[in-house]
Amino acid sequence: MTEAFARGRWNALAWGWLLVVAALAVHQAGFWREARLDSDVMALLPGETDDALLRAANARLAGGATRQVVVLVGAEDWPRTQRAADAFIAALDDAGSPVTRLRGDDASLREALSLYEAHRRGLLTPAQRAQLEDPSTEALALARLFAPGTGGIGAWRDDPLGLWTAWWQARSGAAISPRDGLLAVRGEDRDWALVRLESRVAAFQLDGERHLQAALDAARAAAVAAAGTDVEMIAGGVPLHAEAAAVRARTEVGTIGLGSLLAVVGLVWLAFRSPRPILMVAVSLLVGTAAGLSVTALVFGQVHLLTLVFGASLVGVAEDYGIHWFASRQAQPGVPPRTMMRRLLPALSLALVTSALAYLALGIAPFPGLRQMAVFSAAGLAAAFLTVALWFPWLDGAAPRPSPFAEAVGRSLARWPRLSNRAPTWLAALALVAVIGTGLPRLSVNDDLRSLQSSPPALLAQEARLGRLLGLPSPAQFFVVEGHDAEQVREREEALVDRLADLSAGGHLGGWRAVSDWLPSAARQREDAARVQTIEGRVLARAAGLLGEAPPAARTDVAPALALDAWLAHPVSAPMRPLWLGSVDGRWGSVVLLEGLSPERLPALAQAAEGLPGVRWIDRSATISGVLAHYRHQMSLLLVAGYLAVALALWLRFGRRAWRAWLPTALAATLSLAMLGWLGVPLQLFGVLAQLLLLGVGIDYGIFLLEHRDDPASWLAVSLGAASTLLAFGLLALSATPALHSFGLALLLGIGIVWLITPCFRPAPRAAT
């Protein structure tokens, strides 16, 4: 009666799990149609700060660049550059092109001139403001009256001090100028045409194909065909980096996932020589992967590509449950399937709990990408476990026949050395102490965010050339200016810009970009307009005397200051709008970007904000590197706490024998860190996270060998699981993404060591006890 009831309940749970798997299949079909995949590498970084204004600044800077691609097309002379640029643009004007052109022609320049013309007397650069203090200014203005190229006396009277043209050139940038309907740049002994493009697809919503780069390569080929083989193209922008990351991630998903799957299939075939174990283990892996993907998508709304890369290595862990089942069935074919599962459930359940907790520990750090990996892995392991526990006793009708490979692996346990009070044990202990004692002091720590850079070197080189030719600002270091209203923000920004002008004159800064350069505060506009009008009046009066004319009437009409709303509504403000934060939670703010930065100049720039109310220096690279260091330290403490908690759980289960399951993993973790020191690989946060995962995976081997002491079937399962896990994380160590490479290498070393030394900690054989 009891057996029949248990069988009925088991069948009901199996059918219930089938319904869940069917729901997963439906969700998977919808998920892949929508392709909700994210390739934003910033997802690996900490979440945004609690400061709403700084959060808005980061979002504005990122939003203004996530779709833009900047291209320079150049040749040795302008006519050929123009032909090449026209052909390049024509090749990208196709309706199916992944990019659209952002126009910046003479018409837009005329619109900008018309907006500023009425307010030009209130627009001065810091250099012009200093120039007006020079007593020789009036004499130089009069000299311009008789100089060639002034455009006649009428043009001179409109701008006798020559301020308007100089202000506009300073705003437009000396490097870029309109020419024949294009934006021209001169540099590196070449003429360049600047082409600004916008991706039709969000930068971090790509599908892993080279759409953008292929379109640019085709357009470059058209330019070369039109103007010659020495035509050069330099391209840069966030979409190109995101596409390169997506392409690499897709390749790695295929390589790591397929490599892990082939390794598992090969090992299972060698051990059991039957297609049934391969198919059933593959089903458990498929269900586990689908569950991890679906749960992650439901929790986070989308799935990061790096989560898929990391999840591909899950194959090497989730197959342990199925392999343990078939190894035990092969060793004891006469035991009924449900009885066998009841015997295995305590060890399998404890292994699931330790592994899942180790994966979930990855999600404690405030990194959205890592939290996705934690949820994906824990859900995938749980689903694979349930598939084995509920379906395998139902589907597995016959035990697999013994195979020579399985028998050879099982027999090897008897020949594996054990700890003893003999010379070999003491020699091995001394060798371990030597390796650890000399390797750990060599282990360095590197929390620098730049060490995680994984963009292709060629793309980074092109970005550097673009920065030199165009003077592009850095999005990683900037100033945030805040105030209680828009006017105060611009006034404080002007005080900052005055200091930046001094740094630029001293060679500490290449330039800057600030809203107040294009739209000064109303107070400064009025002050500058009054100063200019006074000096212009004196110059015009002296010119009239020189020309024998009557003195002109004093000007009393002062144009009103250019208003913020009018400027924001005009197309001329488009390039600067990302720098104006507006009102955020009752605080107004703006961003000042910097050009020509280098690491040695950053301290002087940080000091520029000292003593200026409402001005903050932001170094995102240094801030995020500091956060990485903080959480590396916190995770290290958590790792120690995890080892203590696992030791307690093992003691409750095994009593005084618990150290035999605990110590091998602790030794493997210490040895792997020492070997990283010998290899010169620095320890990062992701290396510490790998140690957390090693704790969950490595402890399993000790649990199985203690639960089933000297059992060849358990040793076969442990060996097959460890081998496939080694291959999975060994392939992860080949990833071009530095975070995944560091993670995989640490696990490759740790799991390999724990596999080799865990059997040495077995208790003495029962007959000799």
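Throughout this description, residue numbers start from 1 for each chain and increase along the sequence as written. Residues qualify for local features only when their pLDDT is at least 70, as the model is predicted, and side-chain atom pairs are given and counted only at 80 or more; totals for whole chains, interfaces and linings, by contrast, use all residues. By convention in this description, side-chain values take in all heavy atoms of the structure and omit both hydrogens and water.

Section: helix α3 (residues 78–92)
Condition: Only DSSP runs of H or I reaching four residues or more are called helices, and only runs of E reaching two or more are called strands; each is numbered from the N terminus. In this scheme, a helix's expected span is set at 1.5 Å multiplied by one less than its residue total. Remark: exposure states derive from per-residue accessible area (1.4 Å probe, protein chains only) relative to the maximum for the residue type, with buried under 20%, exposed over 50%, and partly exposed in between.
With 15 residues, α3 extends 21 Å from end C-alpha to end C-alpha; this agrees with the ideal 21 Å at 1.5 Å per step. Along α3, the residues that are buried comprise Trp-78, Arg-80, Thr-81, Ala-84, Ala-85, Ala-87, Phe-88, Ile-89 and Leu-92.

Thoughts on empty space enclosed by the protein
Keep this limit in mind: A pocket here means an open set of points on a 1 Å grid, computed over the protein atoms alone, that has protein on both sides within 12 Å along at least five of seven lines. A cavity is instead a set of points where a 1.4 Å probe fits but cannot get out; residues with an atom within 4 Å of a point line either one. Grid points are joined across faces, edges and corners, and a volume is the space filled by probe spheres set on the points. Gly falls in the polar group here, along with every residue not listed as nonpolar (Ala, Val, Leu, Ile, Met, Phe, Trp, Tyr, Cys, Pro) or charged (Asp, Glu, Lys, Arg).
Considering all chains together, one arrives at nine cavities of 30 Å³ or more under this definition. In this structure, the largest cavity spans a volume of roughly 100 Å³. What lines the largest cavity is a set of 13 residues, and nearest its centre among them are Leu-124, Arg-129, Ser-516, Asp-517 and Arg-524. At the level of elements, α5 (126–131), α8 (163–172), α20 (486–505) and α21 (515–518) are the ones that each hand at least two residues to the lining of the largest cavity. Ranked by residue count, the leading element in the lining of the largest cavity is α20, at three residues. Among the residues forming the lining of the largest cavity, the class breakdown is five nonpolar, two polar and six charged.

Here's the deal with the side chain of Glu-493
As a reminder of what qualifies: Note that His is not counted, nor are the chain ends; the positive residues are Lys and Arg, and the negative ones are Asp and Glu. The rule for a salt bridge is simple: a side-chain nitrogen of Lys or Arg has to be within 4 Å of a carboxyl oxygen of Asp or Glu. Two N or O atoms form a polar contact when they lie within 3.5 Å of each other; inside protein one atom must be a possible hydrogen donor and the other a possible acceptor, and for residues adjacent in sequence the pair counts only when both atoms belong to side chains. For this analysis, residues touch if any pair of their heavy atoms sits within 4.5 Å.
For Glu-493, the position within the fold is in helix α20. Although Glu-493 is buried, it forms no salt bridge, and the closest oppositely charged side chain is Arg-490 at an N-O distance of 7.7 Å. Of the polar contacts made by the side chain of Glu-493, one reaches the backbone nitrogen of Ser-516; its length is 2.5 Å. Once you skip the residues sitting within four places of it in the chain, Glu-493 turns out to touch Val-481, Ala-514, Val-515, Ser-516, Ser-590, Val-591 and Val-592.

A closer look at a nonpolar patch on the surface
Put simply, the rule reads: Residues enter a patch when their relative accessible area is above 30% and they make no salt bridge; the linking distance is 9 Å between like charges and 5 Å between nonpolar side chains (Val, Leu, Ile, Met, Phe, Trp, Tyr). In short, Shrake-Rupley with a 1.4 Å probe defines the accessible areas, and a residue's cover is counted only from the protein chains shown.
There is a patch of nonpolar side chains on the surface, built from Trp-15, Leu-18, Trp-394 and Leu-395 and spanning about 420 Å² of accessible area. Among the secondary structure elements, those contributing two or more residues to the nonpolar patch are α1 (2–34) and α16 (368–395).

Some thoughts on the packing of α20 against helix α22 (residues 522–547)
This is how the line gets drawn: Simply put, an axis is a line fit to the C-alpha atoms, just over the touching stretch for a helix, and the angle between two N-to-C directions goes from 0 to 180 degrees. In what follows, roughly perpendicular refers to angles from 65 to 115 degrees, roughly parallel to angles under 35, roughly antiparallel to angles over 145, and oblique to any angle outside these ranges.
Axis separation between α20 and α22 bottoms out at 8 Å; the angle between their running directions is 60°. Taken together, α20 and α22 sit at an angle that is classed as oblique. Across from Glu-487, Arg-490, Glu-491, Glu-494 and Asp-498 in α20, the residues of α22 making contact are Ala-522, Ala-523, Arg-524 and Gln-525. A per-class count over the contact of α20 with α22 returns two nonpolar, one polar and six charged.

Quick word on the pattern of salt bridges
Overall, the coordinates contain 30 salt bridges when judged by the stated rule. Taking the shortest distance from any N to any O, the salt bridge between Arg-616 and Asp-51 comes out at 2.7 Å. Pair noted here: Arg-616 is in strand β13 (residues 615–619) and Asp-51 is in the loop between β1 (37–38) and α2 (52–63), with a separation of 565 residues, a long-range link. By relative accessible area, which is 18% here, Asp-51 ends up buried. We note a salt bridge from Glu-527 to Arg-531, for which the minimum N-O separation is 3.2 Å. Of this pair, Glu-527 and Arg-531 both sit in helix α22, four residues apart, roughly one helical turn. The exposure class of Glu-527 is partly exposed, given its relative accessible area of 46%. The structure contains a network of salt bridges with shared partners spanning Arg-129, Glu-133, Glu-527, Asp-528 and Arg-531.

Observations regarding the nonpolar core
For clarity, the threshold we go by: To form a nonpolar core, buried Ala, Val, Leu, Ile, Met, Phe, Trp, Tyr and Cys residues must be joined to one another through side-chain atoms within 4.5 Å.
Counting 111 residues, the largest nonpolar core has Leu-689, Phe-729 and Phe-743 as the members making the most contacts within it. For this core, the leading source of residues is helix α27 (residues 685–707), giving 16 residues. In this structure, Ala-112, Trp-167, Trp-518 and Leu-593 belong to the second largest nonpolar core, which totals 50 residues.

Let's talk about α22
Taking 1.5 Å per residue, 26 residues should reach 38 Å; α22 reaches 36 Å between its end C-alpha atoms and fits that length. Gly-548 occupies a position one or two residues after α22 and carries a positive phi of about 70°.

Looking at the side chain of Gln-330
Within the secondary structure layout, Gln-330 lies in helix α14 (residues 320–331). With near-sequence residues (within four places) excluded, Gln-330 lies in contact with Ala-271, Phe-272, Pro-400, Arg-401, Pro-402, Ser-403, Ala-406 and Leu-716.

A look at the packing of aromatic side chains
Both the distance between ring centres and the angle between the ring planes are used here to describe each pair of aromatic rings. Basically, it comes down to this: Only centres within 6.5 Å qualify two rings of Phe, Tyr or Trp (six-membered ring in Trp) as a pair; their planes then separate them into stacked at under 30 degrees, edge-to-face at over 60, and tilted for everything else. Comment: the charge-over-ring label is applied if NZ (Lys) or CZ (Arg) is within 6 Å of the ring centre and within 35 degrees of the ring normal.
Under the criterion given, the structure shown has 13 aromatic pairs. Between the aromatic rings of Trp-15 and Trp-394, the centroid separation amounts to 5.3 Å while the plane-to-plane angle is 65°, which identifies the pairing as edge-to-face. Remark: Trp-394 occurs in helix α16 and Trp-15 occurs in helix α1; sequence separation between them is 379 residues. Here Trp-416 and Trp-715 contribute two aromatic rings whose centre-to-centre distance is 5.1 Å and whose plane-to-plane angle is 65°, an arrangement assigned as edge-to-face. Of this pair, Trp-416 sits in the loop between α17 (404–415) and α18 (423–439) while Trp-715 sits in helix α28 (residues 712–732), and the two are 299 residues apart along the sequence. For Trp-416, a relative accessible area of 24% translates into the label partly exposed. You can call Trp-715 buried: its relative accessible area is 2%. Among the aromatic residues, those joined into a ring-pair cluster are Tyr-116, Trp-164, Trp-167 and Trp-518. Above the plane of the ring of Trp-678 lies Arg-442, whose end atom (NZ or CZ) is 4.1 Å from the centre.

Things to note about the packing of α14 against α28
Under the convention used in this document: Each crossing gets its hand from how the near helix is turned against the far one by less than a right angle, where anticlockwise is left-handed and clockwise is right-handed.
Remark: α14 packs on α28, axes separated minimally by 8 Å, with the N-to-C direction vectors making an angle of 150°. In terms of axis orientation, α14 runs roughly antiparallel to α28. Note on packing geometry: the crossing formed by α14 with α28 is right-handed. Taken together, the residues of α28 that come into contact with α14 (itself represented by Asp-320, Ile-323, His-324, Ala-327, Ser-328, Gln-330 and Ala-331) are Ala-713, Ser-714, Leu-716, Ala-717, Val-718, Leu-720 and Gly-721. Along the lines of polarity and charge, the residues of the contact of α14 with α28 split into eight nonpolar, five polar and one charged.

As for the environment of Gly-397
Relative to the assigned elements, Gly-397 resides in the loop between α16 and α17. Classification of Gly-397 by relative accessible area gives exposed; the value is 73%.

Some words on unusual backbone geometry
Its identity as a non-glycine residue notwithstanding, Glu-188 has a phi of 55°, on the positive side. Within the secondary structure, Glu-188 is located in the loop between β5 (182–187) and β6 (190–199). Take Glu-188: its relative accessible area is 39%, and that puts it in the partly exposed class. Backbone geometry places Asp-710, a non-glycine residue, at a positive phi of 55°. Looking at where Asp-710 falls in the secondary structure, it is placed in the loop between α27 and α28. On the basis of relative accessible area, Asp-710 is assigned to the partly exposed category, the value being 26%.

Without other data, these values stay purely geometric and don't point to any function.
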